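Chain by chain, the residues run as shown.
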Amino acid sequence: MTDLIQRRRDGHVEIWTLDRADRLNAMPDLQDGEAFAAACEAVNADMGVRCVVLTGSGRAFSAGGDLRAMKDRRDLFAGSGAEIRERYRRVVHRIVRSLYGLEVPLVTAINGPAMGLGCDVAGLGDVKIASAHAVFGVPFLKLGIVPGDGGAWLMPRHVGYARAAELLFTGRSIDAETAERWGLVNRVVPHDRLMVEAMDTAGQIAAQAPHALRMAKALLRQGRDVTFDQMLEMTAAMQALAHLTDDHAEGASAALDKRTPGFEGR
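Numbers given to residues run from 1 along each chain, matching the order in which its sequence is written. Where local features are concerned, this predicted model is filtered to residues with pLDDT of at least 70; where side-chain atom pairs are given and counted, the filter is 80 or more; whole-chain, interface and lining totals use all residues. Here the side-chain values reflect all heavy atoms present in the structure, with hydrogen atoms and water set aside.

A. Structural detail: the overall build of the protein chain. Runs of E in the DSSP output that reach at least two residues are strands. Runs of H or I that reach at least four are helices, and both are numbered from the N terminus. Check the secondary structure of the protein chain and you find 11 helices and nine strands. Computed over its C-alpha atoms, the radius of gyration of the protein chain comes to 19 Å, within 12% of the 18 Å expected for a compact globule of 266 residues. Along the longest, intermediate and shortest principal axes, the C-alpha atoms of the protein chain span 65 × 40 × 35 Å. The cut-offs for exposure are 20% and 50% of the maximum accessible area for each residue type, with area from a 1.4 Å probe on protein chains only; residues under the lower value are buried, those over the upper are exposed, and the others partly exposed. Counting the 266 residues in the protein chain, one finds 45% classified as buried. Within the structure as shown, the protein chain displays about 13200 Å² of accessible surface, and the carbon and sulfur contribution to it stands at 55%. Averaging the coordinates of the 32 positive side-chain charges in the protein chain and doing the same for the 34 negative ones gives two points 4 Å apart. To get the radius of gyration, use the C-alpha atoms; to get the globule rule, take the number of residues to the power 0.38 and multiply by 2.2 Å. Note on areas: these come from Shrake-Rupley sampling with a 1.4 Å probe, and a residue is covered only by the protein chains present in the view. Positive charges come from Lys and Arg, negative ones from Asp and Glu, while His and the chain ends are left out of the count. By convention, the charge on Lys lies at NZ, on Arg at CZ, on Asp at CG and on Glu at CD.

B. Summary view of the sheet that holds strand E5 (residues 114-115). Any two strands with at least two DSSP bridges between them are considered paired. Spatially, three strands are ordered E5-E7-E8 in an open sheet, and the strand pairing comes out mixed. Both edges of this open sheet fall to E5 and strand E8 (174-175), since each of them pairs with a single strand only. Here E5 pairs with strand E7 (residues 135-137) via two bridges, running parallel. Note on E7: the bridge partner recorded for Ala-114 is Phe-136.

C. Quick peek at the pattern of salt bridges. Each salt bridge in this description consists of a side-chain nitrogen of Lys or Arg and a carboxyl oxygen of Asp or Glu lying within 4 Å of one another. On inspection of all chains with the given rule, the structure shows 20 salt bridges. The residue Arg-7 makes a salt bridge to Glu-14 at a minimum N-O spacing of 2.9 Å. On the basis of relative accessible area, Glu-14 is assigned to the buried category, the value being 7%.

D. Region of the structure containing the packing of helix H5 (residues 151-159) against helix H6 (residues 161-170). Interaxial angle, 0 to 180 degrees, is taken between N-to-C directions of lines fitted to C-alpha atoms, where a helix line uses only the stretch in contact. Contact geometry of H5 with H6 gives a least axis separation of 7 Å together with a crossing angle of 125°. Relative to H6, H5 is oriented oblique. For the crossing formed where H5 meets H6, the hand is right-handed. Contacts between H5 and H6 involve Met-155, Pro-156 and Val-159 from the former and Tyr-161, Arg-163, Ala-164 and Leu-167 from the latter. Basically, the charged four are Asp, Glu, Lys and Arg, the nonpolar ten are Ala, Val, Leu, Ile, Met, Phe, Trp, Tyr, Cys and Pro, and anything else, Gly included, counts as polar. Tallied by class, residues from the contact of H5 with H6 come to six nonpolar, no polar and one charged. Throughout this description, any angle smaller than 35 degrees is read as roughly parallel, any larger than 145 degrees as roughly antiparallel, any in the 65 to 115 degree range as roughly perpendicular, and the remainder as oblique. Crossing chirality is assigned from the near helix's rotation relative to the far helix, an anticlockwise turn below a right angle marking it left-handed and a clockwise turn marking it right-handed. Any two residues having at least one pair of non-hydrogen atoms within 4.5 Å are treated as being in contact.

E. Broad picture of the side chain of Glu-14. Structurally, Glu-14 is set in strand E2 (residues 13-18). Here Glu-14 is in contact with Arg-7, Arg-8, Arg-9, Val-43, Val-49, Cys-51, Val-52 and Val-53, once residues within four sequence places are set aside.

F. Inspection of the environment of Gly-64 at higher detail. If you trace the backbone, Gly-64 turns up in the loop between strand E3 (51-56) and helix H2 (67-72). Exposure remark for Gly-64: the relative accessible area of 0% places this residue in the buried category. Considering only alpha carbons, one finds Gly-64 and Leu-117, 53 residues apart in sequence, at a separation of 4.7 Å. The residues touching Gly-64, leaving out its near neighbours within four places in the chain, are Ala-26, Met-27, Met-115, Leu-117 and Gly-118.

G. Here's a closer look at helix H11 (residues 246-257). How far a helix is expected to stretch is found by multiplying one less than its residue total by 1.5 Å. Counted at 1.5 Å a residue, the expected span for H11 with its 12 residues is 16 Å, and the 16 Å between its end C-alpha atoms agrees. By the burial criterion, the buried members of H11 are Asp-247, Glu-250 and Ala-254. Buried residues of H11 fall within an arc of 55° about the axis and therefore sit on the same side. Of the exposed residues in H11, the ones pointing more than 90 degrees away from its buried face are Ala-255 and Leu-256. Where H11 is buried, its residues touch helix H9 (210-222). Looking one or two residues beyond H11, the residue adopting positive phi is Lys-258, at roughly 55°. The directions considered for the arc are those from the helix axis to the C-beta atoms.

H. Just the environment of Ala-122, in detail. Position of Ala-122 relative to the elements: it lies in helix H4 (residues 117-123). Residues Ala-122 and Thr-55, 67 residues apart in the sequence, show an inter-C-alpha distance of 8.6 Å. Each residue touching Ala-122, except ones within four places of it in the same chain, is listed here: Phe-61, Thr-108, Ile-110, Ala-114 and Lys-128.

So, in structure tokens, the structure goes:
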């Protein structure tokens, strides 16, 4: 087992790289839930971070679960049904809950195959940029299992029920161009331009006022599940807070002066 996430900082952007290229960035190993939780909690607590870019090392984004471990019924898949259920809750669910709860925008730079859990992790990006080499699939049924990572909730929200059903029930994979057409990714770029495009997008995001940026992400996420009236109440409360920040004063002044604002997170 190796540490899954390699982290580095570039200004207000953190770059996370899945670092198991020899295993096509398979996950999860038993420690991976804690790795994602720790990384997300560190970012949430650091107002200096305004965006995260997540990509894979080598030729895959992530091939998802370790098939040999599944076959041998070891690690995550060892023991009784009750034990496996508990590991899914503590490891797999911790990964997706942590990413879903990331307070800053997440850009996923999908450099190659994203399968199973890897596909659902890629889909948790707020902005999803795919290499032309990327391939997407949720082949759980081909393995005689179901999406254990919340994918049956996530995928219909990305591509709609009918397309999510087709992907899940057939187990077939789709290429990057189809993923873009279906709305699973924002855009497809040449492979050698992937990180350039991802970092350019992250830079544009990181240029925004950090408190307002985090509140805007919270509104988008919660807007999936609340009524319009509830959203209006949340918006009024957050907007009141935003109006009292120094960054709002700076933004208004910069707009009047026709200059680029310099937001400081105050």
